[in-house]
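# Chains, contacts and geometry: an overview
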Amino acid sequence: MADALSSGTYDFGFLHIKAVDDTGHDQQPVLKLQYLECVDVMIQQLIRRLHEAEACGQGWYAVCVTGDHSTPVLFGDHSHEPVPFTIAHVRHVVEHSGGSDAVLGTPLLHIPHPSGPHSEASLHALGKTALQRMNLNKSFMKQPTGDDVTTFGEAAAAAGFLGRFPGGEVMPIVQQFIALHRP
């Protein structure tokens, strides 16, 4: 990734993580939560790399995190539920994640596939851990612009500045954000 960033030849990157969708189809709630936690780590690592590139003068970056559709584990198939959507400049993500030192402290290690137990007790423990992490993050997640949403989820997204919109509007929103908010 560092070589791609330093080349300056890319205007857009897209990353699709299929495992979260697959676990919804397979009706495996614990594994889905574990993969979502892996995605959290991947995003932290991506933010670190993009922040490092910005610090070296290799451009500026914005990150959009969303899903292409919902796949509830109870249903086991795609549904028409709204998906969360967030977009921000990397510099703002860094600022609201505890600053440069905190982001640069993110380890760049291999993320193994989850293989933990699949019991109701482990599901409850994972959910509790995720909720505790979200509550801790609220202390520094004050938005300078946009809205007051501090968590990433369907209910939180509905309260966001953008509200609900059809999937065909995703790319125009991303393009407008970049055009309006160039540093």
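Source: prediction; values computed, not measured.

## A closer look at the overall build of the chain
If you tally the helices and strands in the chain, you get 8 helices and 2 strands. Of the regular secondary structure in the chain, the N- to C-terminal order runs α-α-α-β-β-α-α-α-α-α. With 183 residues in all, the chain has 27% of them scored as buried. In the chain, the proportion of contacts linking residues at least 24 apart, taken out of those at least 6 apart, comes to 70%. For the chain, the accessible area works out to roughly 11,900 Å², and carbon and sulfur atoms hold 58% of it.

## Some thoughts on the pairing of strand β2 (residues 85-89)
A one-sided burial pattern is seen for β2, the buried positions being F85, I87 and H89 and the unburied ones T86 and A88. Relative to β2, strand β1 (residues 62-66) is paired through 5 bridges, and the arrangement is antiparallel. Bridge pairing in β2 links V65 to T86.

## Looking at a nonpolar patch on the surface
Taken together, the side chains of F12, F14 and M171 present a nonpolar region at the surface, about 360 Å² in accessible area. On the basis of relative accessible area, F14 is assigned to the exposed category, the value being 67%.

## Some details on the packing of aromatic side chains
In this description, a pair of aromatic rings is defined by centroid distance and the angle of the planes. One pass over the full model with this rule turns up 1 aromatic pair. The interplanar angle of 90 degrees and the centroid separation of 5.2 Å between the aromatic rings of F85 and F165 together place this pair among those described as edge-to-face. Linking F85 in strand β2 with F165 in the loop between α7 (154-158) and α8 (170-180), this pair joins segments that are 80 residues apart in sequence. The exposure class of F85 is buried, given its relative accessible area of 13%.

## What about the nonpolar core?
The biggest cluster of nonpolar side chains holds 9 residues, and these are I47, L50, A53, Y61, V63, V65, V90, V94 and V103. Elements supplying a minimum of two residues to this core: α3 (29-55), β1 and α4 (90-95). The greatest single-element share of this core, amounting to 3 residues, is contributed by α3.

## Topic: the environment of F75
Here F75 shows up in the loop between β1 and β2. Judged by its relative accessible area of 54%, F75 is exposed. Residues F75 and G24, 51 residues apart in the sequence, show an inter-C-alpha distance of 8.0 Å.

## Considerations on α3
Compared with an ideal rise of 1.5 Å per residue, which puts 27 residues at 39 Å, α3 spans 39 Å between its outermost C-alpha atoms and is within 8% of the ideal. Two residues or fewer past α3, G57 is found with a positive phi of approximately 80 degrees.

## Overview of the pattern of salt bridges
One pass over the full model with this rule turns up 2 salt bridges. Of the charged contacts, one joins K18 and D21 as a salt bridge, the two residues approaching to 2.6 Å between their closest N and O atoms. Under the relative-accessibility criterion, K18 is labelled partly exposed at 40%. Given the relative accessible area of 8%, D21 is considered buried.

Cut-offs used in this document
Residues numbered from 1 in each chain as written. Predicted model: local features only at pLDDT ≥ 70, side-chain atom pairs only at ≥ 80, totals over all residues. Heavy atoms only, no water. Helix = DSSP H or I, 4+ residues; strand = E, 2+ residues; numbered from the N terminus. Buried < 20%, exposed > 50% of the residue type's maximum accessible area, 1.4 Å probe, protein only. Contact = heavy atoms within 4.5 Å. Areas by Shrake-Rupley, 256 points an atom, 1.4 Å probe, with all protein chains shown as cover. Pairing = 2+ DSSP bridges. Patch = residues over 30% accessible without salt bridge, like charges linked within 9 Å, V, L, I, M, F, W, Y side chains within 5 Å. Salt bridge = Lys/Arg side-chain N within 4 Å of Asp/Glu carboxyl O. Phe/Tyr/Trp six-rings, centres within 6.5 Å; stacked < 30°, edge-to-face > 60°. Core = buried A, V, L, I, M, F, W, Y, C linked by side-chain atoms within 4.5 Å. Expected span 1.5 Å × (residues − 1).

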